[in-house]
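Survey of secondary and tertiary structure
One-letter residues, chain by chain:
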Amino acid sequence: MVFKKMLSAFGVGGPSVDTVLTNPNTRPGLTLDGQVNLVGGDAEAAIEQVVIGLVTRVEVEGHDTEYAGTMEFHRMVVSGPLQLAPKQQLSIPFQLPIPWETPITDVYGQRLHGMTMGLRTELAVARAVDKSDLDQVAVHPLPVHERILEAFQRLGFGFKHADLERGHIRGVQQTLPFYQEIEFFAAPQYASTIREVELTFVTSQRGVEVILECDKRGGFLSAGHDAFGRYQVSHADADRVDWAQVVDGWLRETTSRYGSLRSQYGHGYGPGHGHGHGRGGMGMGGMVAGAALGVAGGMIAGEMIEDAFEGDFGDFGGDE
């Protein structure tokens, strides 16, 4: 069903906007196609520009606080200045490229618990801007993402939660101001050494950098700590390797490392790191840097994206 939304910023009788997506499902590196439908109000309106932008919920850690807010992380102008006559109907088609690093929101047709994503439409008229039209978007994994997620499931890991953390991973080339963490409860065969695993994909056209953070259990004479691994895979590897074997190797290598980088380096990567490929992934990783971004980064504290979406998106794997 299509809902026509009146733009409150322009008052009763002002123009209205409604964005219709050809298909709300997409993947990193693909596009989101649709059209922005404008309907003129009671009087002629001078439209300054029409902009669409991808928005999502991002967790922000401060000194003593943690909160979630809405961040717009990718935008495109679909129309410059135009005159909209009274009651005139105008349709503007668009094709929005989806950044390679766009986080995954849906796996196996189910919304990842903790993830939200929407396409927001802005209409600017005479220095007034309204952002009231928001459409739900679903971002599905690329083949290599899917194979790695399947491997965790095959190894017995249970999905816990996913979220976006504001900041940059030191030493990793990132284009977006946040990174996704997909959290799993440890599988039974790893439960003696691992409590939980956090999986991060940093995707590019060339391939995927996989960052693992394992919450290691303490031993009789040692305290628990976080262990990190960092691995590079190619998109072409998706159907070439036994991913359960690869992920098992990553986990065993990561958890065999000694020492907590958290205490040594704070929330940043250690100085040493390397790249692996396919089965033989090598590399010393570390914690993630919460790089400070100004208000210009697009964060609007307190504007919760859940208010814009309705309904239960389901869950992937287990409960929180």
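Higher on the page you've got the structure.
Our subject in this report is the structure included herewith. None of the values given here were measured: they were computed from a predicted structure. (Residues numbered from 1 in each chain as written. Predicted model: local features only at pLDDT ≥ 70, side-chain atom pairs only at ≥ 80, totals over all residues. Heavy atoms only, no water.)

A closer look at the side chain of Arg 57
The criterion, for reference: Every helix listed is a DSSP run of H or I at least four residues long, and every strand listed is a run of E at least two residues long, numbered separately from the N terminus. Here a polar contact is taken to be a pair of N or O atoms separated by no more than 3.5 Å, where protein atoms must pair a possible hydrogen donor with a possible acceptor and residues adjacent in sequence count only if both atoms sit in side chains.
Within the secondary structure, Arg 57 is located in strand β5 (residues 45-61). Reaching out from Arg 57, the side chain makes a polar contact with the backbone oxygen of Gly 114 at a distance of 2.4 Å.

Re helix α1 (residues 143-154)
Threshold: A helix's residues, less one, multiplied by 1.5 Å, set its expected span. Only protein chains enter the accessibility calculation, which uses a 1.4 Å probe; a residue is then buried when its area is under 20% of its type maximum, exposed when over 50%, and partly exposed in between. The reported arc concerns the directions from the helix axis to the C-beta atoms and nothing else.
With twelve residues, α1 extends 16 Å from end C-alpha to end C-alpha; this agrees with the ideal 16 Å at 1.5 Å per step. Burial in α1 covers these residues: Val 144, His 145, Ile 148, Leu 149, Ala 151 and Phe 152. All buried residues of α1 fall inside an arc of 150 degrees around its axis, so they share one side. Gly 156 occupies a position one or two residues after α1 and carries a positive phi of about 100 degrees.

Regarding the pairing of strand β16 (residues 194-203)
Side-chain direction in a regular strand flips from residue to residue, so the side chains alternate between the two faces of the sheet. The criterion, for reference: Note on pairing: DSSP must find at least two bridges between two strands before they are called paired.
Counting buried positions along β16 gives eight out of ten residues, so the element sits mostly inside the fold. In this sheet, β16 lies alongside strand β15 (residues 178-185) in antiparallel orientation, the contact comprising four bridges. Note that in β16 the partner of Ile 182 across the bridge is Leu 199.

So, empty space enclosed by the protein
As a reminder, the rule being used: The distinction between a cavity and a pocket rests on a 1 Å grid over the protein atoms alone: a 1.4 Å probe fits inside a cavity but cannot get out, while a pocket stays open yet meets protein on both sides within 12 Å along at least five of seven lines, and a residue with an atom within 4 Å of a point counts as lining. Grid points are joined across faces, edges and corners, and a volume is the space filled by probe spheres set on the points. When residues are sorted by character, Ala, Val, Leu, Ile, Met, Phe, Trp, Tyr, Cys and Pro go into the nonpolar class, Asp, Glu, Lys and Arg into the charged class, and all the rest, Gly among them, into the polar class.
Evaluated as defined, the whole model comprises three cavities of 30 Å³ or more. Considered as a void within the structure, the largest cavity measures approximately 120 Å³ in volume. Of the residues assigned to the lining of the largest cavity, the class counts are nine nonpolar, five polar and one charged.

A word on the packing of aromatic side chains
What counts here: Only Phe, Tyr and Trp rings are paired, with Trp represented by its six-membered ring, and only when their centres lie within 6.5 Å; those with planes under 30 degrees apart are stacked, over 60 edge-to-face, the remainder tilted.
A full pass over the atoms with the stated rule returns eight aromatic pairs. Where Phe 152 meets Phe 157, the ring centres are 5.2 Å apart and the plane angle is 75 degrees; that geometry is what we call edge-to-face. With a centroid separation of 6.2 Å and an interplanar angle of 65 degrees, the aromatic rings of Trp 243 and Trp 250 are classed as edge-to-face. Members of the aromatic cluster, joined through ring pairs, are Phe 152, Phe 157, Phe 159, Phe 184 and Tyr 190.

So, the pattern of salt bridges
Note the following rule: The salt bridge definition used is simple: a Lys or Arg side-chain nitrogen within 4 Å of an Asp or Glu carboxyl oxygen.
This structure, assessed with the given rule, holds 13 salt bridges. For Glu 209, the salt bridge identified is with Arg 230, shortest N-O distance 2.6 Å. Residue Glu 209 is found in strand β17 (residues 207-216), and its partner Arg 230 is found in strand β18 (residues 225-234); the two are separated by 21 residues along the sequence. The two residues Glu 209 and Arg 230 agree in class, both being buried. Each of Glu 72, Arg 75, Arg 120 and Glu 122 takes part in a single network of salt bridges with overlapping partners.

Details of the packing of α1 against helix α2 (residues 243-256)
Short version of the rule: Only the contacting stretch of a helix is used when fitting its axis, a line to C-alpha atoms as for every element, and angles between N-to-C directions run 0 to 180 degrees. Angles are sorted into four bins: roughly parallel if under 35 degrees, roughly antiparallel if over 145, roughly perpendicular if 65 to 115, and oblique for all others. Note on definitions: a residue-residue contact is assigned when non-hydrogen atoms from the two residues lie within 4.5 Å.
Packing of α1 against α2 brings their axes to within 8 Å, and their N-to-C directions diverge by 70 degrees. With respect to α2, the axis of α1 lies roughly perpendicular. Within the contact between the two elements, α1 uses Val 144, Arg 147, Ile 148, Ala 151, Phe 152 and Arg 154 and α2 uses Trp 243, Ala 244, Val 247, Trp 250 and Leu 251. Residues of the contact of α1 with α2, tallied by class, amount to nine nonpolar, no polar and two charged.

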